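Below, each chain spelled out in residue letters.
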Amino acid sequence: MRTIIIGDIHGCFQELQTLLKAVDFDQKTDRLISIGDLMDRGEQSYEVLMFFIRMKQEMGDQCIIIRGNHEQMLLDATNFIGMRLWRQNGAEYTIRSFREHRKDVFDYTDWIHENTVLYYTGDGFQCVHAGLDQEDLVANDTDTLIWDRDAVTGNFYTGRLTIVGHTPYQEPVHLKGNGTFGILEEKCAYRLPKSGIICIDTGCVFGYQLTALVIEGHYCHTVSVPWEGEKT
């Protein structure tokens with residue numbers, strides 16, 4: 001079974017579809033993981049969420065959605081402070097996208113709460129949205145898993161290989177934890193690292209690209225497609 005991990009989508013539905021075609025995604029045989037931030041800032045948050053709702057229905061446990069800070073901001077937007085924070089981070093694009101389909105995004109908060117997870121552990125790797133400061137995943141608090149940037153920007157983590165998004169780079173990068181890093185060249189096969197962080201948020205919604213990390217056995221490679229929409 002291949003594992004296909006998709007970086008931060010942020011409503012970039014056309015790029016998501018192009019990327020899945022580029023990796024020859026097969027929902028019958030592949031495992032699909034979103035690293036989080038399905039929505040906000042991009043124009044088609046409704047289409048992205050509907051796609052993952054369908055994938056969860058059809059793929060069951062083989063479709064995993066990591067909860068990002070943007071999903072969390074939506075869930076927290078039930079009071080004035082929470083709504084203000086969400087609106088400062090691209091909420092208007094999501095609200096408008098749902099309204100264009102005569103839908104209310106708040107009707108889907110229960111589904112998001114029930115169908116997103118804070119982390120995922122696979123064979124030789126683990127996934128969180130943002131970062132971690134403890135090697136034991138369950139020892140990290142929710143804010144760290146969803147919001148942290150220190151593990152990426154500080155490049156200090158040397159524990160079990162962790163795949164993250166949240167902090168955008170123009171290229172997918174392996175942060176080795178000792179201050180060094182390596183860019184993962186597209187479609188080059190790499191032996192799956194045992195430690196460090198691979199960040200696959202490549203800033204699609206900011207005009208760069210959407211990236212997938214494909215893991216098959218003990219090897220991995222990246223595939224990226226360029227931004228196709230309007231820069232926000």
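This text follows the structure it describes.
Residues numbered from 1 in each chain as written. Predicted model: local features only at pLDDT ≥ 70, side-chain atom pairs only at ≥ 80, totals over all residues. Heavy atoms only, no water.

Draft legend 1. Representation of helix H4 (residues 80-87) in the model. Among the residues making up H4, those that are buried are Gly82, Met83 and Trp86. Along H4, the residues classed as buried sweep out an arc of 95° about the axis, all on the same side. Residues Phe80 and Ile81 are exposed on H4 and point more than 90 degrees away from its buried face. The inward-facing, buried residues of H4 contact helix H3 (69-76) and helix H5 (91-100). Capping of H4 at its N-terminal end is provided by asparagine 79; its side-chain oxygen lies 3.2 Å from the backbone amide nitrogen of isoleucine 81. (Buried < 20%, exposed > 50% of the residue type's maximum accessible area, 1.4 Å probe, protein only. Helix = DSSP H or I, 4+ residues; strand = E, 2+ residues; numbered from the N terminus. Arc of directions from axis to C-beta. Contact = heavy atoms within 4.5 Å. Polar contact = N/O pair within 3.5 Å; in protein donor to acceptor, adjacent residues only side chain to side chain.)

Draft legend 2. View of unusual backbone geometry. The phi dihedral of aspartate 24 is positive, around 55°, even though this residue is not glycine. Mapping aspartate 24 onto the fold places it in the loop between helix H1 (13-22) and strand E2 (31-34). Positive phi values are uncommon outside glycine, yet arginine 41 reaches one of about 75°. In this fold, arginine 41 is placed in the loop between E2 and helix H2 (45-59).

Draft legend 3. Focus on the sheet that holds strand E1 (residues 3-6). Here we have 6 strands laid out as an open sheet, ordered E3-E2-E1-E11-E12-E9, and mixed in their pairing. Only two strands of the sheet have a single neighbouring strand rather than two, namely strand E3 (63-65) and strand E9 (190-191). Pairing analysis gives 4 bridges linking E1 to strand E11 (residues 209-216), with the strands arranged antiparallel. Looking across to E11, one finds that isoleucine 5 is bridged to leucine 213. Seen against the sheet, H1 touches E1, E2, E11 and strand E12 (219-226) and runs at an angle of roughly 140° to E12. (Pairing = 2+ DSSP bridges. Axes fitted to C-alpha atoms, helices over the stretch in contact; angles between N-to-C directions.)

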